[in-house]
Amino acid sequence: METSEVNQVIAAVRSGKGYGSMDPGLVERITRQEIAKGRGFKATVKAVRSVLHQVGGAYLPATPPYAGWLEELKGLPHDPADPVLRAFCREKMQYHASTRERLPVIETFYQQTLGGLGEVESLLDLACGLNPLALPWMPLKPGAQVILCDIFSDMLAFVDAFCVHMGLDGVGFVCDLVEQVPDNPVQAALLLKTIPCLEQLQKGIGSRLLEGINAETLVVTYPAASLGGRNKGMRKTYTDQFAELIEGKPWHVRGLEIGSELVYIVRK
Ligand SMILES: C[S@@+](CC[C@H](N)C(=O)[O-])C[C@H]1O[C@@H](n2cnc3c(N)ncnc32)[C@H](O)[C@@H]1O
């Protein structure tokens, strides 16, 4: 495969709206994969974008106006319980399908999932999307360590700034979880609605993630309905899939359903 061909496809893909801020390693990997299928230039660019759309763009129909959000943030209170700060978070969480779907249960979701841990001192949110805007609802110790990753650099810059605003010891970085599973030792890790999305990129990634994440408690969720709101037997599919993932593992697992999510709390 010619390097110039790879670079040309990457440049064309990244020139499209929303693709420029995606993890370069992920874009290159998908590009190489699609070039290997031997289609023409235009069809290859389209195919690469289609894969990237399925795993990322589909959840974010428009690139959020992060610069404006950062300006707004400057004038907001820092107290996580403040209603003005929370209203800002709620409004912005609407932009990402996953957080939008969780909003109706935001008041109880983190009590039910993290509530038994006391004040959480360190948290890892993998493929976080805009979920760090839910930090004010989480039972965190003031100044807690928060590690965030996803594929969009502009999103990570924003959620990183949000952590700083909240007085948290936050670090956000762009990652491709297929290539690298962060193994930072943490008290709690969130892997929310992400396994089905990553399994589209690589079969078996769910198992590698569960093994590799170095957390005392891991909260794993699956959607109980599709992006369009239809329930196409997803509950059963994902219940079976998760049961297979943890089969034979010496972990303590508790399952529950909160809002539109199947939730598993795994203690390693
Ligand atoms: C279904 S959304 C879940 C977002 C968030 N965890 C939540 O539940 O609010 C899946 C997320 O995975 C991210 N993603 C897709 N492929 C990824 C990859 N290879 N590495 C890291 N994150 C990825 C997407 O950008 C998207 O934000």
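Residues numbered from 1 in each chain as written. Predicted model: local features only at pLDDT ≥ 70, side-chain atom pairs only at ≥ 80, totals over all residues.

Undergrad: Hey, could you run me through the overall build of the protein in this one?
TA: When you go through the protein residue by residue, the secondary structure sums to 11 helices and 7 strands. For 268 residues, the compact-globule estimate of 2.2 N^0.38 gives 18 Å, and the protein sits close to it at 19 Å. Dimensions along the principal axes, computed over C-alpha positions, put the protein at roughly 55 × 50 × 35 Å. Counting the 268 residues in the protein, one finds 38% classified as buried. (Helix = DSSP H or I, 4+ residues; strand = E, 2+ residues; numbered from the N terminus. Rg over C-alpha atoms; globule rule 2.2 N^0.38 Å. Buried ≥ 20, exposed ≤ 12 C-beta atoms within 10 Å, placed from the backbone.)

Undergrad: Where do I start with the site of the ligand in this structure?
TA: Within the structure, the ligand sits among 22 residues, and Ser98, Ala127, Gly129, Leu177 and Leu192 are positioned closest to it. Every element with two or more residues in the shell around the ligand is listed here: α6 (97–102) and α9 (195–201). Looking at the shell around the ligand, the element that brings in the most residues is α9, giving 3 residues. Class assignment of the residues belonging to the shell around the ligand gives a composition of 13 nonpolar, 6 polar and 3 charged. (Near = placed C-beta within 6 Å. Nonpolar A, V, L, I, M, F, W, Y, C, P; charged D, E, K, R; others polar.)

Undergrad: Whenever I open this one, helix α10 (residues 205–212) confuses me. Can you help?
TA: Among all positions of α10, only Gly206, Leu209 and Leu210 are buried. In an axial view of α10, the angular spread of the buried residues amounts to 95°, which keeps them on one side of the axis. In this structure, the buried side of α10 is in contact with β4 (186–192), α9 and α11 (234–246). (Arc of directions from axis to C-beta. Contact = placed C-beta atoms within 7 Å.)

Undergrad: What's the story with the domain arrangement of the protein in this structure? I'm lost.
TA: It is common to give the size of an interface as the accessible area lost on bringing the parts into contact. Under the domain assignment, the protein is made up of domain 1 (3–55) and domain 2 (66–267). For domain 1 and domain 2, the distance between their C-alpha centroids amounts to 27 Å. Taken together, the 7 residues of domain 1 in the interface contact 11 residues of domain 2. Elements represented by at least two residues in the side of domain 1 that touches domain 2 include exactly α2 (24–35) and α3 (41–55). Across the side of domain 1 that touches domain 2, the residue classes break down as 3 nonpolar, 3 polar and 1 charged. (Domains from an automatic or database assignment.)

Undergrad: Explain the nonpolar core here, please?
TA: If you look at soluble globular proteins, the nonpolar side chains tend to sit buried side by side. Core analysis: the largest hydrophobic core is formed by 69 residues, its most contacted members being Leu126, Ala189 and Leu191. Built from parts of two domains, this core gets at least three residues from each of domain 1 (3–55) and domain 2 (66–267). In this structure, leucine 191 is in contact with Leu126, Leu209, Leu218 and Val220, ignoring residues within four places of it in sequence. (Core = buried A, V, L, I, M, F, W, Y, C linked by C-beta atoms within 7 Å.)

Undergrad: What's the story with the sheet that holds β4 in this structure? I'm lost.
TA: For sheets, the rule is that strands pair by backbone hydrogen bonds, running either parallel or antiparallel. Pairing within the open sheet is mixed, and its 7 strands lie in the order β3-β2-β1-β4-β5-β7-β6. Two strands lie at the open edges of the sheet, namely β3 (169–174) and β6 (252–258), each paired on one side alone. On average, adjacent strands in this sheet sit at an angle of 15° to one another, irrespective of strand direction. Of the pairings in the sheet, the one linking β6 to strand β7 (residues 261–267) comprises 7 bridges and is antiparallel in character. Across the sheet, residue leucine 256 finds its bridge partner in β7, namely valine 263. Against the sheet, α11 engages β5 (215–223), β6 and β7, with an angle of about 15° to β7. (Pairing = 2+ DSSP bridges. Axes fitted to C-alpha atoms, helices over the stretch in contact; angles between N-to-C directions.)

Undergrad: For this particular structure, what's the right way to read the environment of proline 80?
TA: Topologically, proline 80 is positioned in the loop between α4 (66–74) and α5 (83–93). The class of proline 80 is partly exposed, set by 17 C-beta atoms lying within 10 Å. Setting aside chain neighbours within four positions, we find proline 80 in contact with Leu85, Pro136 and Met166.

Undergrad: Got a minute to help me understand the pairing of strand β1 (residues 120–126) in this structure?
TA: Consecutive side chains of a regular strand alternate in pointing toward one face of the sheet and then the other. In terms of burial, β1 is a largely internal element, 5 of the 7 residues being buried. With 6 bridges joining them, β1 and strand β2 (residues 140–150) adopt parallel strand pairing. Its bridge partner lying in β2, serine 122 is registered against glutamine 145. Across 3 bridges, the pairing between β1 and β4 is parallel.

Undergrad: Help me understand the packing of α2 against α3 in this model?
TA: Each pair of packed helices gets described by two things: the angle between the helix axes and the distance between those axes. Contact geometry for α2 and α3: axes closest at 9 Å, N-to-C directions at 135°. Viewed along their axes, α2 and α3 adopt a mutual orientation that is oblique. Once α2 is placed against α3, the crossing between them reads as right-handed. Counting all contacts with α2, which are made through Val27, Ile30, Thr31, Glu34 and Ile35, the residues of α3 involved are Thr44, Ala47, Val48, Val51 and Leu52. (Parallel < 35°, antiparallel > 145°, perpendicular 65-115°, else oblique. Left-handed = near helix turned anticlockwise from the far one by under 90°.)

Undergrad: How should unusual backbone geometry be read in this particular structure?
TA: Where the residue is not glycine, phi is negative for most of them; where a peptide bond is considered, it is trans in most cases. One non-glycine residue with positive phi stands out, namely alanine 127, at about 50°. A residue is classified by how many C-beta atoms lie within 10 Å of it, and alanine 127, with 25 of them, is buried. Positioned with a positive phi, lysine 193 is a non-glycine residue whose angle comes to about 55°. Position of lysine 193 among the secondary structure elements: in the loop between β4 and α9.

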